[in-house]
Amino acid sequence: AQSVSQHNHHVILSEAASLELGCNYSYGGTVNLFWYVQYPGQHLQLLLKYFSGDPLVKGIKGFEAEFIKSKFSFNLRKPSVQWSDTAEYFCAVNALSNNDMRFGAGTRLTVKP
Amino acid sequence: DTGVSQDPRHKITKRGQNVTFRCDPISEHNRLYWYRQTLGQGPEFLTYFQNEAQLEKSRLLSDRFSAERPKGSFSTLEIQRTEQGDSAMYLCASSLQAVSEAFFGQGTRLTVV
């Protein structure tokens, strides 16, 4: 079955630590990939996206993600997290074969000041 | 505010009652999605529209759920004979094209008592 997997359920880091959140998907064919962030009490916002081209994409607030097609992965990274990065992070996949958008279960990030 | 808007923001209803939610997408967006999100989970896909056509419905969408987008603009999601298990955040999102990123509304939080 088609799915999006986020293996880290809850990540706790201290400020200035580096972050990597995993995302794997099981769709075949061409996909568009997204990371969304949901700050406490707010709606989902787009962090970054990959459609084609350079597999290393940069988003807002210093986040980046790397698409590795052979591994069906789209991991999110940030070299140095801040307390304000505390939020829930969702990976999403839009498979062009069926055109809907599916989300992973999310990773809750807590950054300690 | 020209983003996606959802109404109401909160709804408390008694089990067995019918409820209807409204979503107004960004005006030029052709694609409209409905998702359901429960605590600690990612958004679960329910259905989507391309203009007024409902193109896909999740198996999660039982016969008690119906969605419409009569003129290709706003959409409604109706739940008949609500059950406690329907308690969740109902999210609406819209996108310009099938392969574009989706923009989310604030959601409607449904509590069935």
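This report concerns the structure included in the present document. (Residues numbered from 1 in each chain as written. Chains lettered and ligands numbered in written order. Predicted model: local features only at pLDDT ≥ 70, side-chain atom pairs only at ≥ 80, totals over all residues. Heavy atoms only, no water.)

1. Here we look at the interface of chain B and chain A
And then number 1: Listed by partner, the interface residues are 20 residues for chain B and 23 residues for chain A.
And then number 2: The interface formed by chain B and chain A includes two salt bridges.
And then number 3: Between E56 of chain B and R102 of chain A there is a salt bridge, with its nearest N and O atoms 3.0 Å apart.
And then number 4: Connecting chain B to chain A are six residue pairs in polar contact (both at pLDDT 80 or more).
And then number 5: Mapped onto the side of chain B that touches chain A, the elements with two or more residues apiece are β4 (31-37) and β5 (44-50) of chain B.
And then number 6: When the residues that make up the side of chain B that touches chain A are grouped by side-chain class, the tally is ten nonpolar, seven polar and three charged. (Contact = heavy atoms within 4.5 Å. Salt bridge = Lys/Arg side-chain N within 4 Å of Asp/Glu carboxyl O. Polar contact = N/O pair within 3.5 Å; in protein donor to acceptor, adjacent residues only side chain to side chain. Helix = DSSP H or I, 4+ residues; strand = E, 2+ residues; numbered from the N terminus. Nonpolar A, V, L, I, M, F, W, Y, C, P; charged D, E, K, R; others polar.)

2. Considering the packing of aromatic side chains
And then number 1: Per the counting criterion, the structure on display carries 16 aromatic pairs over all chains.
And then number 2: Centroid distance F34 of chain A to F51 of chain A: 5.8 Å. Interplanar angle 80°. Geometry classified as edge-to-face. Of this pair, F34 of chain A sits in strand β5 (residues 31-38) while F51 of chain A sits in the loop between β6 (45-50) and β7 (56-58), and the two are 17 residues apart along the sequence.
And then number 3: A residue is classified by how much of its surface remains accessible, and F34 of chain A, at 0% relative accessible area, is buried.
And then number 4: We classify F51 of chain A as partly exposed; its relative accessible area is 31%.
And then number 5: Note on F63 of chain A and Y89 of chain A: the rings are 5.6 Å apart at their centroids and 40° apart in plane angle, and the pair reads as tilted. A residue pair is termed long-range when its members are at least 10 positions apart, and F63 of chain A in the loop between β7 and β8 (64-68) and Y89 of chain A in strand β10 (residues 87-95) qualify at 26 residues. Of the two residues examined, F63 of chain A and Y89 of chain A, each falls in the buried class.
And then number 6: Pairwise contacts between aromatic rings join F34, Y36, F51 and F103 of chain A together with Y33, Y35, F45, Y48 and F104 of chain B into one cluster. (Phe/Tyr/Trp six-rings, centres within 6.5 Å; stacked < 30°, edge-to-face > 60°. Buried < 20%, exposed > 50% of the residue type's maximum accessible area, 1.4 Å probe, protein only.)

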